[in-house]
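# Structure assessment
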Amino acid sequence: AYSFDCPLPNTLKYRNPITFTPIFAYLVVLIFTVPAVLGQYSSTMIKTKHQVYTDSLKQVEYNYIFPIFGQGAYEKGFDIPYPVGLMANYIWMDQNLVFDNLQLGLKTENLDIPLTDVEFIEFGENTNSSYAFNVRPDVWLFPFLNVYGIIGGGQSRTEVNLTTPFSLNSVVEQQLSTAGFGVMGAGGIGPVWFSVDANWTWSKPELLDKPVRVNVLGVRLGHTFKFKSKPERNIALWAGAMRMEMNSETSGEIKLIDALSAETWDKRDEVVSNYYDWYANDATLAQKRVADEVLTPIIERLDAADGESIIRYGMDKQVKEKWNGTIGGQFQLNKRWMFRTEAGFIGNRKSFLASVNYRFLL
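Attention here is on the structure that accompanies the text.

### Brief notes about the overall build of the protein chain
Helix and strand counts for the protein chain come out as seven helices and 14 strands. Here the protein chain holds 362 residues, and the buried ones make up 49% of them. Relative to all contacts within the protein chain whose residues are 6 or more apart in sequence, the contacts with residues 24 or more apart total 71%. As displayed, the protein chain has an accessible area near 16,700 Å², and 59% of this comes from carbon and sulfur atoms.

### Looking at the pairing of strand E9 (residues 230-246)
Strand direction decides the pairing type here: strand E8 (residues 212-227) and E9, joined by 14 bridges, are antiparallel. By the bridge assignment, Leu221 is partnered in E9 with Ala239. If you look at the hairpin formed by E8 and E9, you'll find two residues sitting between the two strands. Sheet analysis places E9 next to strand E12 (residues 323-332), joined by 10 bridges and oriented antiparallel. Within E12, the residue paired with Met242 across the bridge is Asn324.

### Observations regarding a nonpolar patch on the surface
A cluster of nonpolar residues, Trp92, Tyr131, Phe133 and Phe352, forms a patch on the protein surface that exposes about 380 Å² of accessible area. Relative to the helices and strands, Phe133 is located in strand E4 (residues 126-142).

### Focus: helix H6 (residues 268-281)
The terminal C-alpha atoms of H6 lie 20 Å apart, and with 14 residues this matches the ideal 20 Å at 1.5 Å per residue to within 8%. Residues of H6 that are buried include every one of Val271, Val272, Tyr275 and Trp278, and no others. Down the axis of H6, the sector holding all buried residues measures 125 degrees, keeping them to one side. Of the exposed residues in H6, those oriented more than 90 degrees away from the buried face are Asp269, Ala280 and Asn281. Packed against the buried residues of H6 are strand E6 (168-189), helix H5 (262-266) and helix H7 (285-303).

### Some points on the side chain of Gln287
Positionally, Gln287 belongs in helix H7. Within the structure, Gln287 has its side chain in polar contact with the backbone nitrogen of Thr284 (distance 3.1 Å). Look past the residues within four positions of Gln287 in its chain and what remains in contact with it is Phe120, Trp278 and Asp282.

### Side note on the environment of Arg233
Position of Arg233 among the secondary structure elements: in strand E9. Counting along the chain gives 101 residues from Arg233 to Asn334, while the straight-line C-alpha distance between them is 5.3 Å. Once you skip the residues sitting within four places of it in the chain, Arg233 turns out to touch Lys226, Phe227, Phe331, Gln332 and Leu333. Within the structure, Arg233 has its side chain in polar contact with the backbone oxygen of Leu333 (distance 3.1 Å).

### A short note on the packing of aromatic side chains
Think of a pair of aromatic rings as described by two things: how far the centres are apart, and how the planes are tilted against each other in angle. Throughout the structure, instances matching the rule amount to 17 aromatic pairs. On the basis of an interplanar angle of 45 degrees and a centroid distance of 5.7 Å, the ring pair of Tyr275 and Trp278 is categorised as tilted. Taken together, the residues span about one helical turn, with Tyr275 and Trp278 both in helix H6 at a distance of three residues. One exposure class covers both Tyr275 and Trp278, and it is buried. Ring centres of Trp278 and Tyr279 lie 6.5 Å apart, and the angle between their planes is 70 degrees; this geometry places the pair in the edge-to-face category. Exposure remark for Trp278: the relative accessible area of 7% places this residue in the buried category. The ring of Tyr148 has Arg136 sitting right over it, with the charged end atom 3.6 Å from the ring centre. Of note, Lys288 hangs over the ring of Tyr279, and the distance from its end group to the ring centre comes to 5.3 Å.

### Quick word on the pattern of salt bridges
Tallying each qualifying case throughout the model produces 12 salt bridges. We note a salt bridge from Asp112 to Arg312, for which the minimum N-O separation is 2.6 Å. On the criterion of sequence distance, the pair formed by Asp112 in strand E2 (residues 112-117) and Arg312 in strand E11 (residues 310-319) is long-range, its members being 200 residues apart. On the accessibility criterion, Asp112 (55% relative accessible area) is exposed. Connected through salt bridges with shared partners, the residues Lys107, Asp112, Glu253 and Arg312 form a single ionic network.

### Considerations on the nonpolar core
Counting residues in hydrophobic clusters, the biggest one holds 44 residues, and the most contacted among them are Leu104, Val118, Ile121, Val294, Leu295 and Leu302. Once residues lying within four places of it in the same chain are set aside, the contact partners of Val294 are Leu104, Gly105, Ile113, Thr116 and Val118.

### Quick word on unusual backbone geometry
Residue Pro67 follows Phe66 across a cis peptide bond; omega there is -5 degrees. Relative to the assigned elements, Pro67 resides in the loop between helix H2 (49-57) and helix H3 (70-75). Following Thr164, the chain continues into Pro165 via a peptide bond in cis, with omega recorded as 10 degrees. Note that Pro165 resides in the loop between strand E5 (145-164) and E6. Despite not being glycine, Asn101 has its phi angle at roughly 55 degrees, a positive value. With a phi angle near 55 degrees, Ala305 is a residue other than glycine that sits in the positive phi range. Note that Ala305 resides in the loop between H7 and E11.

The rules we used
- Residues numbered from 1 in each chain as written.
- Predicted model: local features only at pLDDT ≥ 70, side-chain atom pairs only at ≥ 80, totals over all residues.
- Heavy atoms only, no water.
- Helix = DSSP H or I, 4+ residues; strand = E, 2+ residues; numbered from the N terminus.
- Buried < 20%, exposed > 50% of the residue type's maximum accessible area, 1.4 Å probe, protein only.
- Contact = heavy atoms within 4.5 Å.
- Areas by Shrake-Rupley, 256 points an atom, 1.4 Å probe, with all protein chains shown as cover.
- Pairing = 2+ DSSP bridges.
- Patch = residues over 30% accessible without salt bridge, like charges linked within 9 Å, V, L, I, M, F, W, Y side chains within 5 Å.
- Salt bridge = Lys/Arg side-chain N within 4 Å of Asp/Glu carboxyl O.
- Expected span 1.5 Å × (residues − 1).
- Arc of directions from axis to C-beta.
- Polar contact = N/O pair within 3.5 Å; in protein donor to acceptor, adjacent residues only side chain to side chain.
- Phe/Tyr/Trp six-rings, centres within 6.5 Å; stacked < 30°, edge-to-face > 60°.
- Lys NZ or Arg CZ within 6 Å of the ring centre and 35° of its normal.
- Core = buried A, V, L, I, M, F, W, Y, C linked by side-chain atoms within 4.5 Å.

Nothing here speaks to function; it is all geometry.
Laid out in structure tokens, this is it:
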């Protein structure tokens, strides 16, 4: 599961950035600079269309429920975004995974082997590639604080490579559904805006017993370039970083035919031969006891080309690198429509986002 911070709103500079009361409004608007300031911050005070537009906001009576303190923001000359939005996202991601504490079991017509620790199995490079679509309703509770929900689905492909005691490749593709929520705070310093976004999602792949909780933290720093003739239109560019962490315990069941790649099935005789060679020449007595209990029955099913056998599995799973860098941009056509893209490419994780956001008053 992957998610990004909420739509970046439009903010304009007020006339006097120094004398500003009351204190609460000072904290809300100056320190946080009304949500995602998006860099609509200029040191020039020439009477441009933007300045006329800013002055006109001070005369507006804000009669809507959200955001709270919206009237105070308008009185200071800030153009706050429409408070309620609906965002549609497409997300692609590729990253490496680390597995530990493997457990295996087997279920056939004649066997019912529960999960058994197989600690001596070692993994090589394991990758996960996924894409997802999600919908995100959101609302600005305050001019500097946004909350949102996430619901969607997609597909995941995980490739697992065993290296010890024998080589084995497993490729699993499955559908997944996702739901969650998040919160974003935003502000500005001079011509630069910043945002900090955190969300918690639960993704349920079809082959896992329980949903996988994923926590994402996004930090972004950027600037917004205004269209001089159209105050509501702008382009925002930013750079940032994303941290991802998932709950480690994973368990499920999968048919043997679905657990192994086509390449592994094509050379199953070699895999079986390598297993028995390890068992006869390299395995310790303790390893042989575990192998007799669970590994040998699985290899026998592979040797018999019994793809209908059910493999039980459990493991601790985590992303290889929790942090990666991101860059992105957004085109705001007007206060209702915004279009965004963001890419992650610095670090082990690679990602791409494309989204469209529609906003309205409440």
